[in-house]
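Below are the chains, spelled out letter by letter.
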Amino acid sequence: MRTSMLTSLARRTSNAGTSYLTRRGLASESAPDRKVAILGAAGGIGQPLSLLMKLNPLVSRLALYDIAGTPGVAADVSHINTRSEVLGFAGEEQLGKALEGADVVIIPAGVPRKPGMTRDDLFNINAGIVKSLCTAIAKYCPHALINMISNPVNSTVPIASEVFKKAGTYDEKRLFGVTTLDVVRAKTFYAGKAKVNVADVNVPVVGGHAGITILPLFSQATPSANLSGEEIEALTKRTQDGGTEVVEAKAGKGSATLSMAYAGAIFADACLKGLNGVPDVVECSFVQSTVTDLPFFASKVRLGKNGVEEVLGLGALSDYEKQGLEALKPELKSSIEKGIKFANAN
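Residues numbered from 1 in each chain as written. Predicted model: local features only at pLDDT ≥ 70, side-chain atom pairs only at ≥ 80, totals over all residues. Heavy atoms only, no water.

For the record, the criterion: UniProt positions are given in the numbering used here, feature names are shortened, and annotations may be inferred rather than shown by experiment.
In the annotation of an unreviewed UniProt entry, the entry for the chain reads Malate dehydrogenase, and the organism field reads Datura stramonium. Database annotation for the chain, UniProt heading Subunit (unreviewed entry): "Homodimer." Under Sequence similarities (unreviewed entry), UniProt gives the following word-for-word description of the chain: "Belongs to the LDH/MDH superfamily. MDH type 1 family."

**What to know about the overall build of the chain**
Filter applied, for reference: Every helix listed is a DSSP run of H or I at least four residues long, and every strand listed is a run of E at least two residues long, numbered separately from the N terminus. A simple rule labels every residue: compare its accessible area, found with a 1.4 Å probe on the protein chains alone, to the largest value its type can have, and call it buried under 20%, exposed over 50%, or partly exposed in between. Contact definition: two residues touch when any of their heavy atoms are within 4.5 Å. Here the Shrake-Rupley method, with its probe set to 1.4 Å, supplies the accessible areas, and only the displayed protein chains count as covering residues. His is not counted, nor are the chain ends, whereas Lys and Arg count as positive and Asp and Glu as negative. A charged residue contributes its charge at one atom only: NZ of Lys, CZ of Arg, CG of Asp or CD of Glu.
Helices and strands together make up the secondary structure of the chain, namely 11 helices and 11 strands. Along the longest, intermediate and shortest principal axes, the C-alpha atoms of the chain span 50 × 50 × 40 Å. Taking all 346 residues of the chain together, the buried fraction comes to 49%. Put simply, 69% of the contacts in the chain that link residues at least 6 apart link residues at least 24 apart. If you sum the accessible surface of the chain, you get close to 16100 Å²; carbon and sulfur atoms cover 53% of it. Separation of charge centres in the chain, based on 37 positive and 33 negative side chains, amounts to 4 Å.

**Points about the pairing of strand β2 (residues 61–66)**
Cut-off, in case you're wondering: At least two bridges found by DSSP between two strands are what make those strands a pair. A clockwise course of the path from the first strand over the helix to the second, judged with the strands pointing away from the viewer, identifies a crossover as right-handed.
Within β2, five of the six residues are buried, leaving the element largely enclosed by the surrounding structure. As judged from the five bridges shared by strand β1 (residues 35–39) and β2, these two strands associate in the parallel manner. Counted as the bridge partner of V36 is L62 from β2. Considered for its hand, the β-α-β crossover made up of β1, helix α2 (residues 46–54) and β2 is right-handed. With six bridges joining them, β2 and strand β3 (residues 85–90) adopt parallel strand pairing. Each residue of the ladder has a partner; that of R61, found in β3, is E85. Assessed by its sense of winding, the connection that carries the chain from β2 through helix α3 (residues 70–78) to β3 is right-handed.

**Side note on unusual backbone geometry**
In the segment running from N151 into P152, the intervening peptide bond is cis, with an omega of -5 degrees. As for its placement among the helices and strands, P152 is situated in the loop between β5 (145–148) and α6 (153–167). Looking along the chain, the bond that leaves T222 and enters P223 is cis, with omega of -5 degrees. Mapping P223 onto the fold places it in the loop between β8 (214–216) and α8 (229–240). With a phi angle near 55 degrees, K195 is a residue other than glycine that sits in the positive phi range. Here K195 lies in the loop between α7 (180–194) and β7 (205–207).

**Re the pairing of β5**
Burial of β5 is two-sided: the residues L145 and N147 facing one way and the residues I146 and M148 facing the other way are all buried. With three bridges connecting them, β5 and strand β6 (residues 175–177) associate as parallel partners. Looking at β6, one finds that N147 is bridged to F176.

**Some points on the UniProt feature "domain: Lactate/malate dehydrogenase C-terminal" (unreviewed entry) in the chain**
Feature annotation in UniProt places "domain: Lactate/malate dehydrogenase C-terminal" (unreviewed entry) on residues 179–342, given in this structure's numbering. Within the segment residues 179–342, helix and strand shares are 47% and 17% respectively, and the terminal C-alpha atoms sit 22 Å apart.

**Examining the packing of aromatic side chains**
Test applied: Note on ring pairs: Phe, Tyr and Trp rings are taken, using the six-membered ring of Trp, and paired if centres are within 6.5 Å. Classes follow the plane angle, with under 30 degrees stacked, over 60 edge-to-face and the rest tilted.
Going through the model one piece at a time under the given rule, you end up with four aromatic pairs. On the basis of an interplanar angle of 85 degrees and a centroid distance of 5.5 Å, the ring pair of F123 and F342 is categorised as edge-to-face. Placement of F123 in helix α5 (residues 119–140) and of F342 in helix α11 (residues 319–344) is noted, with a sequence separation of 219 residues between them. Look at F342 and you get partly exposed, because its relative accessible area is 21%. Ring plane angle 35 degrees and centroid distance 6.1 Å describe the contact between F286 and F296, whose orientation is recorded as tilted. Of this pair, F286 sits in strand β9 (residues 281–288) while F296 sits in strand β10 (residues 296–304), and the two are 10 residues apart along the sequence.

**A short note on α3**
This is how it is decided: By construction, the arc corresponds to the directions joining the helix axis to the C-beta atoms.
Within the sequence span of α3, burial applies to T70, V73, A74 and V77. All buried residues of α3 project into a common sector of 95 degrees when viewed along the axis, lining one side.

Set out below in structure tokens:
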């Protein structure tokens, strides 16, 4: 029973990928070779993300890197009968090999917040990890699209930009903070409240990727639903606090790893489609931006062969959303500045 169910799933996944490519005018055999590297592949997000990227027919080579544990993850994932060749790399001395020739680099590396750890403790550890990884990216694959998952994204994306600037490799079109989980949550929660099919729902989420900096634009949600101000406020708060909801449900023994891996896979897939010339690929992402007076901001972005083709504006906002936008700016500004200051220290 279990075997037949999994075989059926694999066949459906494979067929779905092939039919998608055929619809877009690409047969799976002629899809361009694309290497994806996952940094932090043995972790709580990294392992399910590695699985999901192995299922993506657009990936031809999958490089899994972590400080330890990756040979096992790579061996396990490599047995799945999909297109990509999988290689595992462990330890800093193998980081360069993992990165060489990568088209997309996904970074879920870092530590989750543990009991007794302050936010500053967490920041210093993860910021240091990101700084080190981005130094290697600048050297080994300076033209790759970087998908930053490591928290706090509001600070780690500015850190990466500063590292790349110092190395002379910075291209703002190729650096993305992955905010897709906010969009995934907003779609799920909205569909439940509006009683519509979640597969048909679209909700832009702008701002940043923590707490009140997350601003879902439910006034622009489709299909539209006549929700009250109180319902919109509750949906907004639930989207902002989605991570806390999962941490509490896991009783402090974990955070949002599975849904984050799914969201990371969705965004990486969009990047690959853009690179391959699929038209009109639009996702929300935290990027260098002139949409507001802040240097980085999440909004809808059109993806293409060079990464960011166009950063789209916010569109019409409700009064509630306008208030939310002004309220989030000081905190987001502070997080961005904290990242820049860290990157330029020492």
